[in-house]
Amino acid sequence: MPWSDSLHPVAMRRVAVVAPADRLRDALVVVADAGTVEIDVVTASGERPAGAAARRLQRLTARPDTAVPAPRVLPGTPDLDALEAQGLLGLLAGEAQVEERLADAARQDGVAALTGWAPTTAMGALAERLAPVGAAVVPLPRPPGRTPPTLLGAHGRAPAAAPLVETYAAVPYDDIDPSIFAMLAYVLMFGIMFADAGHGLLLVAAALVLRSGRLSRSRRLSRLGRLQPAWRFVAAAGAVSVLVGVAYGEFFGPTGVLPFHLIEPLEEPVLLLTIAAGVGAVLLAVAYGIGTVNRVREGGWSYALYAPSGIAGSTLFLGLGLVAAAVATDGALLAAAGAAVTTVGLVLSFAGLRAGAGPGAAGLVQAAVELADVVIRVAANTVSFVRLAAFGMTHAALAAVVWAGTVAWWGKGPLSTAGAVLVLVVGTVLTFGLEALVAGVQALRLEYYELFSRVFQAEGRPFRPWHVPLATPREIEEVTS
């Protein structure tokens, strides 16, 4: 796969599943089991009469406490009376879905077809599975005005980060897939706040346990086993925490295990706050870059030129950054350049806001107010990243308190030494849990409010393939016996 493909959602193709009318059900069973096609819904379920399987399912589930198992489909035409008599609700539910798709099929001259969307990479395997039942998957041209659904996280591209992005919004199909950027930004921000080499190693160890799959095999911890796909995410966050912890000289606090440090968090707060603001500026610059490319893809260069999250906003952000650098370095030439770039950004932003505000004095006032809001948000969003340093210092302060308590109790007798160990263990557990929660929430907040607000302007539609797995051999035996 070319590296550039990782910058886009998975390529989608408009397709038609075509089969002889009398073999359409067999083809649908293959499609359902493959789970790679999003079939168009022609008629809403509430607008069509219930099929035979659906009516039987309704009778069996009339009691409110009746639980319906996960739907499954049988490879052959089922005996619905037998399914109802045996109370096989999962098979009835699967057959009810097959009936709905059969009702939506277009039929002519003994041939039936259903349209939908499928990943381009899945079409070859699906065609091979459909061939034995006399069916085929046929590529179609993309209909004018129809946008394909979006699928992220395929081909091994930061799969753990895809839910992080999808929780915020569905990425428009034509936009850049920000999953990799989202993951890198999140683990970097988390690591700066959760800055302790010892605690970071604990996260790495937890990631390795997730990767092993042992939690999934445990009855008591099986729920935690569902986090197994996120093990890379956890490991990356732990690794960054270790690196930043080494820079701070923190290993379960100021224990002296690390004999050197580059920054003393509690002694150099101004330096730490400046570094945090610089990290935020870099992340915002990348977000503006991605947002600009997305605006071009969504509405062309003219749209991107005046968009606050496009060229206009990027120019304003650059200009304000140059002005801030000029103030810090007392550079007159830098200040002049910053003022000029800021003016261009203000003009472009105001023009875009004025066009969307409507005519008249009311539109002029609205555009002016919105422009002031844009400027304030650019500054506020940049300053918001100083929380990276603030929470990093909080973590160091809590760890220092725990270590000071440990040292105070240590070496004054067996009971006192045991108390020191207890203080260290309990204090470490409490600080680890509290800071992991705080760092996780704050990194997510910065991701969503400061970064994604520039990456996203429109919203796409997630890819929702139709997937109903085949019945298990035991279920097939129950029906046929």
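Residues numbered from 1 in each chain as written. Predicted model: local features only at pLDDT ≥ 70, side-chain atom pairs only at ≥ 80, totals over all residues. Heavy atoms only, no water.

S.K.: Account for the overall build of the chain, naming residues and giving values.
M.R.: Across its full length, the chain carries 17 helices and five strands. For the chain, the spread of C-alpha atoms along the principal axes amounts to about 80 × 80 × 45 Å. By the burial criterion, 42% of the 481 residues in the chain qualify as buried. Counting only contacts in the chain whose residues sit at least 6 apart along the sequence, the fraction spanning at least 24 positions is 75%. Surface accessibility of the chain: about 24,000 Å² in total, with carbon and sulfur atoms responsible for 66%. Of note, the chain has its 35 positive side-chain charges centred 3 Å away from the centre of its 37 negative side-chain charges. (Helix = DSSP H or I, 4+ residues; strand = E, 2+ residues; numbered from the N terminus. Buried < 20%, exposed > 50% of the residue type's maximum accessible area, 1.4 Å probe, protein only. Contact = heavy atoms within 4.5 Å. Areas by Shrake-Rupley, 256 points an atom, 1.4 Å probe, with all protein chains shown as cover. Lys, Arg positive; Asp, Glu negative; His and termini not counted. Charge placed at Lys NZ, Arg CZ, Asp CG, Glu CD.)

S.K.: I'd like a rundown of the packing of helix H14 (residues 360–384) against helix H16 (residues 414–455), residues and numbers included.
M.R.: Closest axis-to-axis distance for the H14/H16 pair is 11 Å, and the angle between their directions is 145 degrees. Considering the relative orientation of H14 and H16, their crossing is left-handed. Where H14 abuts H16, its residues Arg-377, Val-378, Asn-381 and Ser-384 lie against Arg-445, Leu-446, Glu-450 and Arg-454. (Axes fitted to C-alpha atoms, helices over the stretch in contact; angles between N-to-C directions. Left-handed = near helix turned anticlockwise from the far one by under 90°.)

S.K.: Help me get a handle on the pattern of salt bridges, residues and values and all.
M.R.: For side chains of opposite charge, pairing can occur when their charged atoms come near one another. Scanning the model with the defined rule gives 11 salt bridges in all. Residue Arg-56 is joined to Asp-81 by a salt bridge in which the shortest nitrogen-to-oxygen separation is 2.5 Å. Of this pair, Arg-56 sits in helix H2 (residues 52–60) while Asp-81 is found in helix H3 (residues 80–85), placing the two residues 25 residues apart along the sequence. Given a relative accessible area of 48%, Asp-81 falls into the partly exposed group. Residue Glu-450 is joined to Arg-445 by a salt bridge in which the shortest nitrogen-to-oxygen separation is 2.6 Å. (Salt bridge = Lys/Arg side-chain N within 4 Å of Asp/Glu carboxyl O.)

S.K.: Could you give an account of H14, with specific residues and numbers?
M.R.: Relative to the 36 Å expected for 25 residues at 1.5 Å per residue, H14 spans 36 Å between its end C-alpha atoms, a close match to the ideal helical length. On its buried face, H14 sits against helix H11 (269–306), helix H12 (311–329), helix H13 (332–357), helix H15 (387–409) and H16. (Expected span 1.5 Å × (residues − 1).)

S.K.: Outline the nonpolar core, supporting the account with residue identities and numerical values.
M.R.: If you look at the biggest cluster of nonpolar residues, it comprises 56 residues, and the most contacted ones within it are Met-189, Phe-190, Tyr-248, Leu-283, Phe-385, Leu-388 and Leu-451. Among residues more than four places away in sequence, those in contact with Tyr-248 are Ile-192, Ala-195, His-261, Ile-263, Pro-265 and Leu-272. Within the second largest apolar cluster, 26 residues are counted, among which are Leu-24, Val-30, Val-73 and Val-468. (Core = buried A, V, L, I, M, F, W, Y, C linked by side-chain atoms within 4.5 Å.)

S.K.: I'd like a rundown of the side chain of Glu-38, residues and numbers included.
M.R.: Structurally, the position occupied by Glu-38 is in strand E2 (residues 38–39). According to the relative accessible area criterion, Glu-38 is buried, its value standing at 9%. Within the structure, Glu-38 has its side chain in polar contact with the backbone nitrogen of Arg-464 (distance 2.7 Å). Setting aside its immediate chain neighbours within four residues, Glu-38 contacts Thr-115, Gly-116, Trp-117, Pro-149, Arg-461, Pro-462, Phe-463, Arg-464, Pro-465 and Trp-466. (Polar contact = N/O pair within 3.5 Å; in protein donor to acceptor, adjacent residues only side chain to side chain.)

S.K.: Lay out the packing of aromatic side chains in plain terms, naming residues and giving numbers.
M.R.: Evaluation of the coordinates by the stated rule reveals 11 aromatic pairs. With centroids separated by 5.2 Å and ring planes inclined at 65 degrees, the aromatic side chains of Tyr-168 and Phe-452 adopt a geometry described as edge-to-face. Residue Tyr-168 is located in helix H6 (residues 162–168), and its partner Phe-452 is located in helix H16; the two are separated by 284 residues in the primary sequence. Between Phe-251 and Phe-252 the ring centres are 5.1 Å apart and the planes differ by 90 degrees, which places this aromatic pair in the edge-to-face class. Across from the ring centre of Trp-231, 5.1 Å away, lies the NZ or CZ of Arg-211, which sits over that ring. (Phe/Tyr/Trp six-rings, centres within 6.5 Å; stacked < 30°, edge-to-face > 60°. Lys NZ or Arg CZ within 6 Å of the ring centre and 35° of its normal.)

S.K.: Describe the pairing of strand E1 (residues 12–20), listing the residues and the values that go with them.
M.R.: Bridge count between E1 and strand E4 (residues 111–119): nine bridges; the pairing is antiparallel. Note on E4: the bridge partner recorded for Arg-13 is Ala-118. When E1 meets strand E5 (residues 136–140), the two strands line up antiparallel, connected through five bridges. For Ala-16, the partnering residue across the bridge sits in E5 and is Val-138. (Pairing = 2+ DSSP bridges.)

Nothing here speaks to function; it is geometry throughout.
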